[in-house]
Amino acid sequence: MIYFVGPPAALPCCEQATIEDVVKYCETKKYLGVDTETEGLDFTCKKMIMFQIGDSSNQYVIDTRHVSIEPLRSVLEDSNIQKIFHNAKFDYKFIKKWAGITCEGVWDTFLVEVVLNCGKRIGFALKDLVKRYCNEDLDKETRNKFIGLNGTPFTESQIVYGANDVIHLLKIKWEQVHKLTELQLGPVANLENQAVLAFADIEYNGLDLDIKQWKSLKKSNTNTADNLAFNLDLTLLEDARLSKFVSEYVQADMFIPLEDLRKVDVKWTSPKQVLEVFKTLIPKLDNVNGKEMYKYRYKHEIIDTYIQYKEAMKLCTSYGDAFFDNLSSDNKIHTNFHQILDTGRVSSSKPNMQQIPADNKFRNCFVAPKGWSFVSADYSSQELNVIAFGSKDPVWLEALEEGQDLHSTCAELVYGKDWIDAAEESCIYMSDKMKCNCNNHKKLRTNVKTINFGLAYGMGPNKLADNLNISVDAAKELIKKYFQAFPSIKGFLDKLGNYGKRYGYIKTFPPYNRKRWFTNWYPKIWMNKSSGFELGSIERASKNTPIQGASADMTKLALVRIREYINDVLNFPEGKECPIKIVMTVHDQIDTICRNDYLEAWKKDIVMLMEWAAKDIVTNGLLKAEVTVSDCWEK
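Source: prediction; values computed, not measured. Along every chain, residues carry numbers that run from 1 in the direction the sequence is written. Owing to the predicted nature of the model, reporting of local features is limited to residues with pLDDT of at least 70; listing and counting of side-chain atom pairs is limited to 80 or more, with chain, interface and lining totals taken over all residues. Heavy atoms throughout the structure, all of them, feed into the side-chain values; hydrogens and water do not.

A.B. asks: Help me understand the sheet that holds strand β1 (residues 2-5), please; the structure alone is not making it clear to me.
C.D. replies: Strand pairing in a sheet relies on backbone hydrogen bonds. The paired strands run either parallel or antiparallel. If you trace the seven strands from one edge of the open sheet to the other, you get β2-β1-β5-β4-β3-β6-β7, paired in mixed fashion. Strands at the two margins of the open sheet, each flanked by one partner only, are β2 (15-16) and β7 (106-108). Whether two strands pair depends on DSSP finding at least two bridges between them. Under the DSSP-based scheme used, a helix requires at least four consecutive residues in state H or I and a strand at least two consecutive residues in state E, with every element numbered from the N terminus. Examined bridge by bridge, strand β4 (residues 48-54) and strand β5 (residues 59-63) share five bridges and lie antiparallel to one another. Bridging from a neighbouring strand, Gly54 pairs with Gln59 of β5. The contact criterion used is simple: two residues touch if any of their non-hydrogen atoms lie within 4.5 Å. Lines fitted to C-alpha atoms define the axes here, with helix axes fitted over just the stretch in contact, and angles between the N-to-C directions of these axes take values from 0 to 180 degrees. Sheet contacts for helix α3 (residues 88-99): β3 (31-38), β4, β6 (82-85) and β7; angle to β3, the most-contacted strand, approximately 75 degrees. Sheet strands touched by helix α7 (residues 156-183): β1, β3, β4, β5, β6 and β7. Its angle to β3, the strand with the most contacts, is close to 135 degrees.

Set out below in structure tokens:
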């Protein structure tokens, strides 16, 4: 039965009810479908206009333009009553903004569906799930008619549409429960359903941006790009091989001295024109993308300058004035998280906060409010600890246990006598196994460090050659020597690669055992001689997914525990602002802002919570967290 809560409406589709009726019904239920309709997508300035809640027997459609859902606070904040959403972050932010209610005990049908089908290229929108599980087509026409209603009463079709969403959510949830049980994915689904509340809080809280400092950076990057473009022009003017790209005649301008007029016919922002220039130097070149250019970066000075120019131009375009388009009506940056990528890691968009340059110039433009500070914690060598735990390599484990510099320890084993001969007289590594400043050690350490981190991304010899600017053969030889020194790691990675090729999916570490499916896999794929590319991609993904996925799992668990600590342990009275807010996360780092009078306590507690989460997966307790305090965001 559909009940409408709002101005009296004599509609045959529903009966009139009060908000008290809704509360009385819902507080006795264990499972409730919940949905909202809003004026738009931006919760900071667009309002929630309809709120739907109920189960398969009774659905309540509330006109929130006229009726407050505040009486439902006890239901929505009761973690023992499960609220079923689709894309819970969206609804959560509107409910929190316009009703002041924080939802707990959430099941997100969108996230659970991604968990069930991670890696598969299928639709995850509500219309896709309704078709998949309910064999119905959503009424798209009605769904799009909630924008611009103002005070116009809801139509019968809109009320029925809202009520049906509640019914659909419950049907989908129970179908998903059966599949989770069958695939043993219950633990990771529960993790994602808890983590979504933390991600929603991050999006809701947002970040303050120092606009003046950001504009100053943009100006600096523009000047850098202009200077690099000038140097590119100069190279063409001075290199006889490239003289054909220099104009013999220059269009005069009465306001610009003749010597200042540009004499080069190349537009450096045009890949096609740049390719023509570089083909003069490298005839076999067929594109000027980043990967191709890096091969020749140190062979031709103009290519190195061009790469620097491209990097500066990217900063100008991606992090210039256009970035201000991401500011919401409250003048904050509220990114949008994509909670589950194929590996289980997280990305974000509008803007992409995961790709903010890590040199801190841009990060430092995000500032804490007056009287508050950033308290950020990150895992120390998270992915390396995961590899050490998974492979049980004795050298790696001992280095981590003893606090040695892992990359130097690995370099010593890989290079042997060459490493020993490269030591300078005051080498701190040779005496204390710590990172040293020996010039030759730095190069050898960098080579091995590149392999160490590359293990988490399935890096092969071609990529290693590009990164180290060496030949592919030299890269192959370096990888060979590396795995001769660390057979346990080779065995661990080979085992992962073979598992994925054999079964068509790969899992992360217990207790979550997240699964990633390979859609290009089929039984007996290894017997098909033409399947080399597919097998190679499956093998690489099988090697890096458990490492990245386990790392993502523990960061999400840390977010869950930090949020629970903020909401439950601190337990600040209603109406009093909590002294801690989660404001960002990038891979292994979690960023909070904290009121300055609470800093000392929170610095200790956030480390404890992160290390507690890590120990659920890397059970040897070797993975530690480090904390920094600043008045702005830092890496």
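A.B. asks: Please clarify how the environment of Asn360 should be interpreted in this entry.
C.D. replies: The topology assignment puts Asn360 in the loop between β11 (347-349) and β12 (366-367). Distance from Asn360 to Ile566, taken between C-alpha atoms, is 27 Å for residues 206 residues apart in sequence. Once residues lying within four places of it in the same chain are set aside, the contact partners of Asn360 are Trp633, Glu634 and Lys635.

A.B. asks: How should I be thinking about the pairing of strand β16 (residues 580-586) in this particular structure?
C.D. replies: For a regular strand, side-chain orientation follows a simple rule: the groups alternate between the two sheet faces. Between buried and exposed lies partly exposed: a residue is buried under 20% and exposed over 50% of the maximum accessible area for its type, with that area taken using a 1.4 Å probe on protein chains only. Counting buried positions along β16 gives six out of seven residues, so the element sits mostly inside the fold. Sheet topology note: the β16/strand β17 (residues 589-595) ladder contains six bridges and is antiparallel. Within β17, the residue paired with Lys581 across the bridge is Ile593. As consecutive antiparallel partners, β16 and β17 are separated by two residues, and within that stretch His587 has a phi angle of approximately 55 degrees, a positive value.

A.B. asks: Honestly, the environment of Glu402 in this entry has me stumped. Any pointers?
C.D. replies: Here Glu402 lies in helix α14 (residues 394-402). Taking the C-alpha atoms as reference points, Glu402 and Trp98, separated by 304 residues in sequence, lie 52 Å from one another.

A.B. asks: What is the right way to read the nonpolar core from this model?
C.D. replies: The nonpolar side chains of a soluble globular protein tend to be buried with one another. For our purposes a nonpolar core is just a set of buried Ala, Val, Leu, Ile, Met, Phe, Trp, Tyr and Cys residues, chained together by side-chain atoms within 4.5 Å. Counting residues in hydrophobic clusters, the biggest one holds 162 residues, and the most contacted among them are Phe51, Ile53, Ile69, Leu72, Trp396 and Tyr482. Among the elements that take part in this core, helix α22 (residues 532-569) stands out by supplying 13 residues, more than any other. Excluding residues that lie within four positions of it along the chain, Leu72 makes contacts with Ile19, Val22, Val23, Phe51, Ile53 and Ile62. In terms of nonpolar packing, the next biggest core, distinct from the first, is built from 27 residues, Ala229, Leu232, Leu275 and Cys316 among them.

A.B. asks: What exactly am I supposed to notice about the sheet that holds β12 here?
C.D. replies: The three strands lie next to each other as β9-β8-β12, forming an open sheet whose pairing is antiparallel. With one partner strand each, in any of the chains shown, β9 (332-333) and β12 form the two edges of the open sheet. The pairing of strand β8 (residues 207-209) with β9 spans two bridges and is classified as antiparallel. Within β9, the residue paired with Leu207 across the bridge is Ile333.

A.B. asks: Looking at this model, I keep getting lost on helix α20 (residues 472-485). Mind explaining?
C.D. replies: Given 3.6 residues per turn, any residue in an α-helix points the same way as the ones three and four places further on. Any helix carries an expected span of 1.5 Å times its number of residues minus one. Helix length check: α20, at 14 residues, gives a terminal C-alpha distance of 20 Å against a target of 20 Å (1.5 Å per residue), a fit within 8%. Of the residues making up α20, those classed as buried are Ala475, Leu478, Ile479, Tyr482 and Phe483. In a view along the axis of α20, the buried residues occupy a sector of 130 degrees, so they form one face of it. Away from the buried face of α20 by more than 90 degrees, exposed residues Asp473 and Gln484 are located. Residues of α20 that are buried sit in contact with α14, α15 (406-415), α18 (439-454), α19 (461-468) and α21 (487-503). The arc in question is the one spanned by the directions pointing from the helix axis to the C-beta atoms.

A.B. asks: Quick question: what am I supposed to make of the packing of aromatic side chains here?
C.D. replies: What describes a pair of aromatic rings is the distance from one ring centre to the other and the angle between the planes of the rings. Between 30 and 60 degrees the pair is tilted, below 30 it is stacked and above 60 it is edge-to-face, where a pair is any two Phe, Tyr or Trp rings, Trp via its six-membered ring, whose centres lie within 6.5 Å. If you walk through the whole model with that rule in mind, you get 27 aromatic pairs. Considering the side-chain rings of Trp214 and Tyr319, the 6.3 Å spacing of their centres and the 75 degrees angle between planes classify their relative orientation as edge-to-face. Linking Trp214 in helix α9 (residues 211-238) with Tyr319 in the loop between α12 (301-318) and β9, this pair joins segments that are 105 residues apart in sequence. The class for Tyr319 is buried, based on a relative accessible area of 8%. What links up through ring pairs into an aromatic cluster is the set Trp214, Tyr319, Phe323, Phe362, Phe366 and Trp633. The criterion for a charge sitting over a ring is simple: Lys NZ or Arg CZ within 6 Å of the ring centre, and within 35 degrees of the ring normal. Here the basic side chain of Lys515 rests over the ring of Tyr505, its NZ or CZ set 4.9 Å away from the ring centre.

A.B. asks: Sorry, what's going on with the side chain of Asp35 here?
C.D. replies: Following the sequence through the fold, Asp35 ends up in strand β3. With residues up to four places along the chain from it excluded, the contact list for Asp35 reads Met50, Phe51, Gln52, Asp91 and Asp165.

A.B. asks: What am I meant to see in the state of the cysteines here?
C.D. replies: Should the sulfur atoms of two cysteines be covalently bonded, the bond is a disulfide. Only a pair of cysteine sulfur atoms within 2.5 Å qualifies as a disulfide here. In this structure the tally under the stated criterion is zero disulfides. Cys410 takes part in no disulfide bond, and the closest cysteine sulfur to it belongs to Cys436, at a distance of 14 Å.

A.B. asks: Explain the confidence of the model for the chain to me, please; I cannot follow it from the model alone.
C.D. replies: Do not read the fine detail of predicted coordinates wherever pLDDT is low. A residue's pLDDT is the predictor's confidence in that residue, given on a scale from 0 to 100. Residues at a pLDDT of 70 or more form 97% of the chain, whose mean pLDDT is 90. Confidence drops under a pLDDT of 50 for residues 250-260, and excluding neighbours within four residues, the segment shows eight contacts in the predicted structure.

A.B. asks: Could you clarify how one ought to interpret the packing of α3 against helix α8 (residues 186-205) in this entry?
C.D. replies: When two helices pack together, their arrangement is given by the angle between their axes and by how far apart the axes lie. Interaxial distance between α3 and α8 falls to 9 Å at its minimum, and their mutual angle equals 55 degrees. When the axes of α3 and α8 are compared, the pair comes out oblique. In the packing of α3 onto α8, the handedness of the crossing is right-handed. Contacts between α3 and α8 involve Ala88, Lys89, Tyr92, Lys93, Lys96 and Lys97 on the former and, on the latter, Val196, Leu197, Phe199, Ala200, Asp201, Glu203 and Tyr204. Residue classes in the contact of α3 with α8 are distributed as seven nonpolar, no polar and six charged. Just so you know how the angles are binned, under 35 degrees is roughly parallel, over 145 roughly antiparallel, 65 to 115 roughly perpendicular, and the rest oblique. The hand of a helix crossing depends on one turn: near helix anticlockwise from the far one by less than a right angle means left-handed, and clockwise means right-handed. Residues are grouped as follows: Ala, Val, Leu, Ile, Met, Phe, Trp, Tyr, Cys and Pro are nonpolar; Asp, Glu, Lys and Arg are charged; all remaining types, including Gly, are polar.

A.B. asks: Which parts of the structure should I look at to understand unusual backbone geometry?
C.D. replies: Peptide bonds are, in most cases, trans, and in most cases residues other than glycine have a negative phi. The amide bond that connects Lys350 to the next residue, Pro351, takes the cis arrangement and shows omega of 0 degrees. Following the sequence through the fold, Pro351 ends up in the loop between β11 and β12. Going from Pro510 to Pro511, the amide bond is cis rather than trans, its omega being 5 degrees. Assignment of secondary structure puts Pro511 in the loop between β14 (505-507) and β15 (515-517). Here the phi dihedral of Gln184 falls at roughly 55 degrees; this positive angle occurs in a residue that is not glycine. Here Gln184 shows up in the loop between α7 and α8. Taking the relative accessible area as the measure of exposure, Gln184 reaches 63% and is therefore exposed. With a phi angle near 60 degrees, Lys433 is a residue other than glycine that sits in the positive phi range. Taking the relative accessible area as the measure of exposure, Lys433 reaches 29% and is therefore partly exposed.

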